[in-house]
Amino acid sequence: MRDGVILRVRWPLRQTCARCPRVASPAVPRRRTGGPTLSPQRPTLADVAAAAHVSVSTASLAFSGAGPIAAATRQRVLDAAAALDYSGPNPLGRQLRRGRSGIVGVVVGDSLRRSFRDPVAIQVLDGLVSTLGPLDLGVLLIPGSSDPSGPAVDPLLETAAMDVAVIMWGGTTDDPMLGALRRRGTPTVLVEGQHAPDVASVGIDDRGGMRQATEHLLALGHTRIATVTLPFDRCRGEGLVPPDEMDHLSWEITRRRLAGVTDAGVTPVAIWATPASLVEHGRSAGTALLTGPDRPTAIACQSDLLASGVVLAARELGLRVPEDVSVSGFDGLDLPWLAPDVLTTVVQPLAEKGAAVGHAVADFLSGAGPSTRELPVTLRIGTTTGPAPEVS
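Residues numbered from 1 in each chain as written. Predicted model: local features only at pLDDT ≥ 70, side-chain atom pairs only at ≥ 80, totals over all residues. Heavy atoms only, no water.

1. Quick look at the overall build of the chain
Point 1. Along the backbone of the chain there are 13 helices and 13 strands.
Point 2. Counting contacts in the chain only where the partners sit at least 6 residues apart, residues at least 24 apart contribute 72% of the total.
Point 3. Here the chain has roughly 19,200 Å² of accessible surface; of this, 55% comes from carbon and sulfur atoms. (Helix = DSSP H or I, 4+ residues; strand = E, 2+ residues; numbered from the N terminus. Contact = heavy atoms within 4.5 Å. Areas by Shrake-Rupley, 256 points an atom, 1.4 Å probe, with all protein chains shown as cover.)

2. What about the packing of helix α9 (residues 206-219) against helix α10 (residues 252-263)?
Point 1. At a closest axis distance of 7 Å, the pairing of α9 and α10 adopts a crossing angle of 40 degrees. In terms of their interaxial angle, α9 and α10 are classed as oblique. The crossing of α9 and α10 is right-handed. On α10, the residues that touch Asp206, Arg207, Met210, Arg211 and Thr214 of α9 are Ile253, Arg256, Arg257, Ala259, Gly260, Val261 and Asp263.
Point 2. For the contact of α9 with α10, the per-class residue count stands at 4 nonpolar, 2 polar and 6 charged. (Axes fitted to C-alpha atoms, helices over the stretch in contact; angles between N-to-C directions. Parallel < 35°, antiparallel > 145°, perpendicular 65-115°, else oblique. Left-handed = near helix turned anticlockwise from the far one by under 90°. Nonpolar A, V, L, I, M, F, W, Y, C, P; charged D, E, K, R; others polar.)

3. Observations concerning the pattern of salt bridges
Point 1. Evaluated as defined, the whole model comprises 16 salt bridges.
Point 2. One salt bridge in this structure joins Asp206 and Arg257, with 3.6 Å as the shortest N-O distance. Here the residue Asp206 occupies a position in helix α9, and Arg257 occupies one in helix α10, the gap between them amounting to 51 residues.
Point 3. Looking at Asp206, the relative accessible area reads 1%, which means it is buried.
Point 4. Where Asp363 meets Arg373, a salt bridge forms, and the shortest distance between an N and an O atom there is 3.0 Å. With Asp363 in helix α13 (residues 350-365) and Arg373 in strand β12 (residues 372-375), this pair connects stretches of sequence that are 10 residues apart.
Point 5. Judged by relative accessible area, Arg373 falls into the partly exposed class, the value being 24%.
Point 6. Residues joined in a network through salt bridges with shared partners are Glu192, Asp206, Glu252, Arg255, Arg256, Arg257 and Lys353. (Salt bridge = Lys/Arg side-chain N within 4 Å of Asp/Glu carboxyl O. Buried < 20%, exposed > 50% of the residue type's maximum accessible area, 1.4 Å probe, protein only.)

4. Let's talk about the pairing of strand β11 (residues 344-347)
Point 1. Pairing analysis gives 4 bridges linking strand β10 (residues 326-331) to β11, with the strands arranged parallel. Bridging from a neighbouring strand, Asp331 pairs with Val347 of β11.
Point 2. Here β11 pairs with strand β13 (residues 378-380) via 3 bridges, running antiparallel. In the strand pairing of β13, Val346 is matched with Leu379. (Pairing = 2+ DSSP bridges.)

5. What to know about the sheet that holds strand β2 (residues 138-142)
Point 1. Taken in spatial order, the 6 strands of this open sheet run β2-β1-β3-β4-β5-β12, and their pairing is parallel. For this open sheet the edge positions go to β2 and β12, each flanked by a neighbour on one side alone. Averaged over neighbouring strand pairs, the angle between their axes works out to 15 degrees when direction is ignored.

6. With respect to the confidence of the model for the chain
Point 1. The pLDDT averaged across the chain works out to 83; a share of 82% of its residues lies at or above 70.
Point 2. A low-confidence stretch, residues 1-39 stays under pLDDT 50, and its non-local contacts, those more than four residues away or across chains, total 39 contacts. (pLDDT = per-residue confidence, 0-100.)

7. Thoughts on the environment of Pro43
Point 1. For Pro43, the position within the fold is in the segment before α1 (45-52).
Point 2. C-alpha of Pro43 to C-alpha of Leu84: the two residues are 41 residues apart in sequence and 6.8 Å apart in space.
Point 3. Not counting residues within four places of it along the chain, the set of residues in contact with Pro43 comprises Leu84, Asp85 and Tyr86.

8. Focus on the packing of aromatic side chains
Point 1. Under the criterion given, the structure shown has 0 aromatic pairs.
Point 2. Taking NZ or CZ as reference, Arg257 lies 3.9 Å from the ring centre of Phe330, over its face. (Phe/Tyr/Trp six-rings, centres within 6.5 Å; stacked < 30°, edge-to-face > 60°. Lys NZ or Arg CZ within 6 Å of the ring centre and 35° of its normal.)

9. Examining helix α6 (residues 119-132)
Point 1. Look at α6: 20 Å from first C-alpha to last across 14 residues, which is about the 20 Å you get at 1.5 Å a residue.
Point 2. Taken together, the buried positions of α6 are occupied by Val120, Ala121, Val124, Leu125, Gly127, Leu128, Thr131 and Leu132. Angularly, the buried residues of α6 cover 160 degrees about the axis, an arc narrow enough to put them on a single face.
Point 3. Structurally, α6 contributes buried residues whose contacts are with β1 (103-107), α5 (112-115), β2, β10 and α13.
Point 4. One side-chain oxygen of the residue at the start of α6 lies 3.0 Å from the amide nitrogen of Val120, identifying that residue as Asp118. (Expected span 1.5 Å × (residues − 1). Arc of directions from axis to C-beta. Polar contact = N/O pair within 3.5 Å; in protein donor to acceptor, adjacent residues only side chain to side chain.)

Spelled out as structure tokens, the structure:
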């Protein structure tokens, strides 16, 4: 598969170069001491049944673990399979019999190159995969739209076999990717997206968490508070957002976290949108905000990577954190390379969120239908926020 992450490689590879000898298949059957003769082809369940002197249906029960079968008979089947180098029923055949692919398609929301640089994405995916593994489910990673001039929907989303799809990070109910999945009739889980009756949703109280972080800054005496946001839409513009551009905000995760700031009673002195949650985008935002007129005394960021970039920018400008400017983040990441600073941040349960996505997938496969899960967040005070400086 070219664009996704699932790869299947047959080993050893056959050599076809004219300068290299061709690898030939064995001309005679292999034989294992004390075991039956093996054919050059892959042994089948029927071969195992014949060697164990049982019916094919009994041999199938020995592998599936379903239905009544004597322990001695099951062991005889497994011993015959081991002698034949038979590893089990053909997975493709089993999938066809079940009417399932055994695959969960996961749209990561950005290019894989950027997603794998984000510890948030990695930890959530780790929680998801750890939950799906025991369910005998694999994951197909599908890149999100990172090029505004490119197609809004990756072709894999419309053609690849999958039992359930997961759309990460701020999906909206009118998202073209969700529309493609609805046309296919694929059950879908939205992570931090809008609620809809036909899709499952998994999220956190990010609006409440952002309100807590902003109220913390207010309690420290800050009145000039700016904010650095996640992307507004798939165009992924970067820079100051004028008031008339707020109507273009379509990503739900960004909308909710901005709403958390206003819920605290704050109108930001500046809103800076970024194209992705990466340190370099936070540094660019921090440099611009801290060198402009009417410099803010506090900057509330929608991710820890963006906040750490703002801290680095402040250091490069000779500003002290938090004496000259306070910075808060969101995610609860461990960032030892930012020492001696420790971010004030809203902590979200990343691995648990990934596991919750896996449970939502399991709900669909069990026939339970779409579910809604929201996880709590907590404010953790670090060293990057302090009393507002006196303004001359």
